[in-house]
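A structural walkthrough
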Amino acid sequence: MSDYRRCYVPGGCYFFTVVTHRRHTLFGSPEHVEGLRQAVRAVQRARPFTIQAMVVLPDHLHAVWQLPEDDADFSRRWRDIKRGFSSRLDAPVNHRGEKAIWQRRFWEHLIRDEDDWRRHVDYVHYNPVKHGLVERPAQWPYSSFHAAVRKGWYPLHWGATEPEDIRGWQLE
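Summarised in this report is the structure supplied together with it. Predicted, not measured: the structure shown is a model, and the values here were computed from it. (Residues numbered from 1 in each chain as written. Predicted model: local features only at pLDDT ≥ 70, side-chain atom pairs only at ≥ 80, totals over all residues. Heavy atoms only, no water.)

Points about the sheet that holds strand S1 (residues 13–19)
Remark on secondary structure: sheet strands pair via backbone hydrogen bonds, oriented parallel or antiparallel. Filter applied, for reference: By definition, two strands form a pair when at least two bridges between them are found by DSSP. Elements are defined by DSSP. Helices are runs of H or I of four residues or more, strands are runs of E of two residues or more, and each kind is numbered from the N terminus. In this analysis an axis means a line fitted to C-alpha atoms, helices contributing only their contacting stretch, and an angle means the value between N-to-C directions, from 0 to 180 degrees. In this description, contact between two residues means that some pair of their heavy atoms is separated by no more than 4.5 Å.
The sheet built from four strands is open, its strands ordered S2-S3-S1-S4 with antiparallel pairing. In the strand order of this sheet, the two ends are held by strand S2 (50–56) and strand S4 (107–110), each with one partner. The sheet shows a mean angle of 15° between the axes of neighbouring strands, taken without regard to direction. The sheet contact formed by S1 and S4 spans four bridges and is antiparallel. By the bridge assignment, Thr17 is partnered in S4 with Trp107. Here helix H2 (residues 74–86) sits on the sheet in contact with S1, strand S3 (60–66) and S4, set at roughly 140° to S3. The strands touched by helix H3 (residues 114–130) are S1, S2, S3 and S4; relative to S3, the strand with the most contacts, the crossing angle is about 150°.

If you want it as structure tokens, here you go:
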């Protein structure tokens, strides 16, 4: 059993990495990405949170969430998202009765300040370039990058080169 302890802060802002089982290319199809979006929206309706940045890659995803002031339960939200998405798929079941779709856990980081937030949002949006899937974040369809451009956070051409503030980061 792991001694890892999660940091639950009501109203916290968090960065997450969630990975598919054995890095299976689950999100290589638009239908699966849409199924994930539907699962996220269903959980947001039941247990609100704000997505500040998100990217879905073939075998993992990253997100930055802001939780409500009186709520710190991101674990339940991820459990419900994984469960809601998985219920739509036919997949083998392990000895625990779980479908082999997701890695059992996820990685989270409590955002400490505005600089930390900016670095993690940059990491989310640059990730498709980092993995060699596109040359610029604007070319990746499964990202909040275009919404961030509309908000004035980035120019459209941002990310053609790796940003200094995240150079060498490995949050996978």
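Comments concerning the nonpolar core
Selection criterion: Only buried residues count toward a nonpolar core. Its members are Ala, Val, Leu, Ile, Met, Phe, Trp, Tyr and Cys residues joined through side-chain atoms within 4.5 Å. We call a residue buried when its accessible area falls under 20% of the maximum for its residue type, exposed when it is over 50%, and partly exposed in between, using a 1.4 Å probe and counting protein chains only.
Core analysis: the largest hydrophobic core is formed by 49 residues, its most contacted members being Leu36, Trp65, Trp78, Ile81 and Phe85. When contributions to this core are tallied by element, the ones reaching two or more residues are S1, helix H1 (30–46), S2, S3, H2, H3 and helix H4 (145–150). No other element matches the six residues that H3 contributes to this core. Discounting residues that sit within four places of it in the chain, Ile81 has contacts with Leu36, Ala39, Val40, Val43, Phe49 and Trp65.

Overview of the packing of aromatic side chains
Stated formally: Here the aromatic set is Phe, Tyr and Trp, taking the six-membered ring for Trp, and pairing holds for ring centres within 6.5 Å; pairs whose planes are under 30 degrees apart are stacked, those over 60 apart are edge-to-face, and all others are tilted. Both a distance and an angle decide whether a charge sits over a ring: NZ of Lys or CZ of Arg must be within 6 Å of the ring centre and within 35 degrees of the ring normal.
On inspection of all chains with the given rule, the structure shows 23 aromatic pairs. Considering the side-chain rings of Trp117 and Trp153, the 5.1 Å spacing of their centres and the 80° angle between planes classify their relative orientation as edge-to-face. Linking Trp117 in helix H3 with Trp153 in the segment after H4, this pair joins segments that are 36 residues apart in sequence. Overall, Trp117 belongs to the buried group, its relative accessible area being 17%. Members of the aromatic cluster, connected to one another through ring pairs, are Tyr8, Tyr14, Phe16, Phe49, Trp65, Phe74, Trp78 and Phe106. Taking NZ or CZ as reference, Arg6 lies 3.9 Å from the ring centre of Phe106, over its face. Its guanidinium or amino end placed over the ring of Tyr154, Arg118 lies 5.2 Å from that ring's centre, counting from NZ or CZ.

Observations concerning H3
Heads up, the rule is: By definition here, a helix of n residues has an expected span of 1.5 Å times n minus one. Throughout, the bend at a residue refers to the angle made by two axes, fitted to the seven residues ending there and to the seven starting there.
Over its 17 residues, H3 extends 23 Å from the first C-alpha to the last, a length consistent with the 24 Å expected when each residue adds 1.5 Å. Where H3 bends most, the angle comes to about 35°, and this point is Val124, followed within four residues by the proline Pro128. Most of H3 is tucked away: 12 of the 17 residues are buried. Listed as buried for H3 are Asp116, Trp117, His120, Val121, Asp122, Tyr123, Val124, His125, Tyr126, Asn127, Pro128 and Val129. Elements that come into contact with the buried residues of H3 comprise S1, S2, S3, S4 and H4.

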